[in-house]
There are 2 protein chains.
Amino acid sequence: MIEANNPSLRSWLEIPANSDFPIQNLPFGIFSTTSLSARVGVAIGDKVLNLSALLAAGFLSTSNELPFTESDYSASTLNPIINHGKAATRLLRARISSLLSSDSSELRVATDSHSACIIDLSSVTMHLPVNVGDYTDCYSSEDHARNVGKMFRDPENALLPNWKHMPVAYHGRASSIVVSDTPITRPHGQLKPSENEPPVYGPSRLLDFELEMAFITHPGKSLGQPISTEEADDYIFGLVLFNDWSARDIQKWEYIPLGPFLGKNFASSISPWIVTLDALEPFRVSGPIQDPKVLPYLEYSGNSHYDIDLEVEISTPNGDSKIVCRSNFKHMYWNMRQQLAHHTVNGCNIRGGDMIASGTISGPKEGSFGSMLEISWKGTKPVAMPDGTERRFINDGDTVTMRGSKKSTTGISIGFGEVSGKLLPAN
Amino acid sequence: MIEANNPSLRSWLEIPANSDFPIQNLPFGIFSTTSLSARVGVAIGDKVLNLSALLAAGFLSTSNELPFTESDYSASTLNPIINHGKAATRLLRARISSLLSSDSSELRVATDSHSACIIDLSSVTMHLPVNVGDYTDCYSSEDHARNVGKMFRDPENALLPNWKHMPVAYHGRASSIVVSDTPITRPHGQLKPSENEPPVYGPSRLLDFELEMAFITHPGKSLGQPISTEEADDYIFGLVLFNDWSARDIQKWEYIPLGPFLGKNFASSISPWIVTLDALEPFRVSGPIQDPKVLPYLEYSGNSHYDIDLEVEISTPNGDSKIVCRSNFKHMYWNMRQQLAHHTVNGCNIRGGDMIASGTISGPKEGSFGSMLEISWKGTKPVAMPDGTERRFINDGDTVTMRGSKKSTTGISIGFGEVSGKLLPAN
């Protein structure tokens, strides 16, 4: 076991009950305050550890075998930290765990340093945690792919022929990935409301969310060198919640033959705290039996799926809200190891800070579908909201919030916080 | 007229006849030498101007209204220069033009500075000129789209319904864009040689080039703010030649429904010198009549296409070579202004150093097709090489070289140099 995951660990800092951020989590993010520029932090309970201050106070010295320098901790993205590789970030998490442990007095007794090193979470502004080099979106939930196939193609052959042979994916837009709480503007574009009329220009009428998770990579191998499923974990730093906002009407008219483009690239929102893959170790579960058998480069051994409860809430402008989806990351057909092995099988190189999203995470039952497209079944089953209105898709002024967390069998609850975004009217 | 384009300008430096880089060009790139780390250079004839040395010698002082600092010129990518915006890079090109002009003695007589500032092109190593934030590939040549449609779909309805309504595009991979002369490794992947058999894993058997050009952007507007066709030129820094290497068999099996992925993202090669949009002013020509009429956001005025002769040469391992394509950038149906307006119509933001490629540039006639797929018509019309071998696609050991240049009516020839890449066998 990774010692930082030990369920018997307790912190000398008081952790609020049901916090997403117990000492067994220690997610990384980029925060600022009114007096501090954006820099690296680690969440613990309702506090943020200021890593550059911890370094200055002598708690992250190289005697702890940490390879990081001041510029890594004071950077405005996590890329410099992530670029040191998995072994280094694992050491850093272990060191922070040790500093926060009730077994250690080192930081606890250094009360002079507390005000600089330990900051109220409520007083910080969170920023996009990484400079995303490339962003890839997969399509790895069988239930989602089947739902879409049933709605738009042949219900009897809902999955396309390649779907069970590879984790189908496409490249998305890195520049428009924004951090939680960034407002999203309803996009304009070409729409084709009538089959026999020419397209029209206007605001999207079918604005949707997609419930996804995304993993962030360490630097990979050189161009031309694949990463195997066995090696994949070494290149995955951690995960965030990911809302892949989608304009269904723009997407439908544009996507044949080269895939989604303007229907997706106006914005994607992510949660600010990157939960390390290490912290998710206790939540590993087995995946579905893959039939037909996959090609050898996609074979894997051991539990490679993750049991993380997910939910999506829509809040209306008047403050009412409703949970419209409860799903789980374990519902994926293709796991992250397979996604990364597939992505690099042709020698495609990955860089530190690249983001690979799961695709919409739908479960098998109604109530677990991860997009309004599926929840309202193309608009045929509107969702009744507490304020008496209905939703087929997202309305101007609505806020979409996604959350993810899980309590382990040992009683430790690890969470991702949330990713939230309010939809503003078209300009 | 932009003064730096004046056809009567002559340089006091001797420019070899038929050089791609007369004083009217002045393309930007990143070079290094055995004693200098990678930094910003400008090509002139068979020389490279070392801009950080020019600054140190006092020739690029801020008294010339140049906003650039030493770190901009000594950076290992052009992003810092490009991020200053169009007005700034235009001033820089004008200042360099003036320094090199035979009307000016300023640099000419400063012979003490010549060895540091003026370096033989033959002695430098060229690097990827920009850190590409996002790379987008368009599909904007009607002849190419028709050829593909005829081969793979209905010859009577070769163009898909959306094609004449928008410059169809998709996101590609930024990490695997490499500079000319970087060897390319034949990729492995999933292939489906037989309709009724399951896919197999192996090296691509149908490795192709695509003749393209790509433009590099200045920083755009904020997320949510479109760029109009009228504004587009202000956000285009310059262009390069672009070889969008493609594995046709991987692409064919993977691309439905989300578009090309591993069939493309193993590598794309670009020429090292970015020719500014300004330098291409004398080569503006009108485009095709667009029928049906485009939506208002895609309308444009004035000549917005560019007359640039393009060619593709295949060299075999024994040194024989053959020009297999002669095309021209003016054959595009959709121009760059339209591509950028479409890309941002939904508010998608662009950053400095983003790259937007044209898609394969095929002309209307045999001999002007921009890919082996079209040249060999899916392998049915093999190309006879001088050494007696045939090519349906690219063989291991072949080198593909693309060139682009044009002589203006005033006798000035502007060129892009070349993008070249040798195909290595699969690992």
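**Overview of the overall build of chain A**
Counting its secondary structure elements, chain A contains nine helices and 26 strands. Computed over its C-alpha atoms, the radius of gyration of chain A comes to 22 Å, within 12% of the 22 Å expected for a compact globule of 427 residues. For chain A, the spread of C-alpha atoms along the three principal axes comes to 75 × 55 × 40 Å. Of all intrachain contacts in chain A linking residues separated by at least 6 positions in sequence, the fraction that spans at least 24 positions is 71%. For chain A, the accessible surface area stands at approximately 15200 Å², while carbon and sulfur atoms represent 49% of it. Distance between charge centroids for chain A: 3 Å, based on 36 positive and 47 negative side chains.

**Things to note about the relation of the copies chain B and chain A**
After a rotation of 180 degrees and a shift along the axis of 0.0 Å, chain B superposes on chain A with an RMSD of 0.0 Å. As the rotation angle and translation indicate, the two copies are arranged about a two-fold axis. The C-alpha atom lying nearest the rotation axis in chain B is that of Gly259 of chain B; the distance is 2.1 Å. In this assembly, 98% of the residues forming the interface of chain B have copies in chain A that are likewise at the interface, indicating an isologous arrangement.

**Regarding the sheet that holds strand E26 (residues 413–424) of chain A**
Residue and element names in this part refer to chain A. In spatial order, the strands read E9-E26-E25-E20-E21; together these five strands make up an open sheet with mixed pairing. Strands with a single pairing partner mark the edges of an open sheet, and in this sheet they are strand E9 (184–185) and strand E21 (321–328). Alignment of strand E20 (residues 309–315) against E21, held across seven bridges, turns out to be antiparallel. Within E21, the position partnered with Leu310 by the bridge is Ser327.

**Some thoughts on the pattern of salt bridges**
Under the defined criterion, the tally for this structure stands at 54 salt bridges over all chains. Across the pair Arg173 of chain B and Asp134 of chain A runs a salt bridge whose closest N-O atoms are separated by 3.4 Å. Pair noted here: Arg173 of chain B is in the loop between strand E7 (169–172) and strand E8 (177–179) and Asp134 of chain A is in the loop between strand E5 (125–127) and strand E6 (135–138), and the two residues belong to different chains. Residue Arg173 of chain B shares its accessibility class with Asp134 of chain A, and that shared class is buried. Two residues, Lys221 of chain B and Glu231 of chain B, come together in a salt bridge whose shortest N-O distance is 2.9 Å. Pair noted here: Lys221 of chain B is in the loop between strand E13 (211–217) and strand E14 (236–243) and Glu231 of chain B is in the loop between E13 and E14, with a separation of 10 residues, a long-range link.

**Side note on the side chain of Ser11 of chain B**
All names here are of chain B. Structurally, Ser11 is set in the segment before strand E1 (28–32). Classification of Ser11 as buried rests on a relative accessible area of 15%. Of the polar contacts made by the side chain of Ser11, one reaches the backbone nitrogen of Leu13; its length is 3.0 Å. At a separation of 2.8 Å, a polar atom in the side chain of Ser11 contacts the main-chain carbonyl oxygen of Leu100. Dropping the residues within four chain positions of it, Ser11 is found in contact with Ile23, Leu100, Ser101 and Ser102.

**A word on the domain arrangement of chain A**
Residues and elements named next belong to chain A. By domain assignment, chain A separates into domain 1 (3–127) and domain 2 (135–424). Here the C-alpha centroids of domain 1 and domain 2 sit 29 Å apart. On the domain 2 side, the residues contacting the 28 residues of domain 1 number 29 residues. When residues of domain 1 are sorted by the area they lose upon contact with domain 2, Asp20, Ile82 and Lys86 head the list and together hold 27% of the total. Along the contact surface separating domain 1 from domain 2 lie one salt bridge. Note that Arg90 and Asp278 form a salt bridge whose closest N and O atoms lie 2.8 Å from each other. At the boundary of domain 1 with domain 2, the tally comes to 10 residue pairs in polar contact (both at pLDDT 80 or more). Looking at the side of domain 1 that touches domain 2, the elements with two or more residues in it are strand E1 (28–32), strand E2 (39–44), helix H3 (79–82), helix H4 (86–100) and E5. When its residues are assigned to classes, the side of domain 1 that touches domain 2 shows 12 nonpolar, 11 polar and five charged.

**Some points on the sheet that holds strand E5 (residues 125–127) of chain B**
Residue and element names in this part refer to chain B. A sheet is described by the order of its strands in space; here five strands give the open sequence E4-E3-E2-E1-E5, paired in antiparallel fashion. Looking along the sheet, the strands with just one partner apiece sit at the ends: strand E4 (118–120) and E5. Strand-to-strand twist across the sheet, computed as the mean angle between neighbouring axes with direction ignored, equals 50 degrees. In this structure, strand E3 (residues 47–50) lies alongside E4, joined through three bridges in antiparallel fashion. Bridge pairing links Leu49 to Ile118 in E4.

**A few points about the interface of chain B and chain A**
Each partner contributes to the interface: chain B provides 58 residues, whereas chain A provides 57 residues. The largest per-residue losses of area from chain B upon contact with chain A belong to Arg173, Leu258 and Phe261 of chain B, which jointly make up 15% of the total buried on that side. One can count four salt bridges joining chain B with chain A. Our count for the contact surface shared by chain B and chain A stands at 34 residue pairs in polar contact (both at pLDDT 80 or more). By residue number, the principal contributor to the side of chain B that touches chain A is E7 of chain B, which donates four residues.

**So, helix H4 (residues 86–100) of chain B**
Compared with an ideal rise of 1.5 Å per residue, which puts 15 residues at 21 Å, H4 of chain B spans 21 Å between its outermost C-alpha atoms and is within 8% of the ideal. Buried within H4 of chain B we find Lys86, Ala88, Thr89, Leu92, Arg93, Arg95, Ile96, Ser97, Leu99 and Leu100 of chain B.

**Details of the nonpolar core**
One finds Phe209 and Phe329 of chain A together with Phe209 and Phe329 of chain B to be the most contacted residues of the largest nonpolar core, which totals 150 residues. Beyond its immediate chain neighbours, meaning those up to four positions away, Phe329 of chain A contacts Met213, Leu239, Tyr306, Ile308, Leu310, Met336, Ser358 and Ile361 of chain A. With 47 residues, the next largest nonpolar core counts Val42, Ala53, Val130 and Met355 of chain A among its residues.

Scoring rules and cut-offs
- Residues numbered from 1 in each chain as written.
- Chains lettered and ligands numbered in written order.
- Predicted model: local features only at pLDDT ≥ 70, side-chain atom pairs only at ≥ 80, totals over all residues.
- Heavy atoms only, no water.
- Helix = DSSP H or I, 4+ residues; strand = E, 2+ residues; numbered from the N terminus.
- Rg over C-alpha atoms; globule rule 2.2 N^0.38 Å.
- Contact = heavy atoms within 4.5 Å.
- Areas by Shrake-Rupley, 256 points an atom, 1.4 Å probe, with all protein chains shown as cover.
- Lys, Arg positive; Asp, Glu negative; His and termini not counted.
- Charge placed at Lys NZ, Arg CZ, Asp CG, Glu CD.
- Least-squares fit on C-alpha atoms with pLDDT ≥ 70 in both.
- Pairing = 2+ DSSP bridges.
- Salt bridge = Lys/Arg side-chain N within 4 Å of Asp/Glu carboxyl O.
- Buried < 20%, exposed > 50% of the residue type's maximum accessible area, 1.4 Å probe, protein only.
- Polar contact = N/O pair within 3.5 Å; in protein donor to acceptor, adjacent residues only side chain to side chain.
- Domains from an automatic or database assignment.
- Buried area = accessible area lost by both parts, 1.4 Å probe.
- Nonpolar A, V, L, I, M, F, W, Y, C, P; charged D, E, K, R; others polar.
- Axes fitted to C-alpha atoms, helices over the stretch in contact; angles between N-to-C directions.
- Expected span 1.5 Å × (residues − 1).
- Core = buried A, V, L, I, M, F, W, Y, C linked by side-chain atoms within 4.5 Å.

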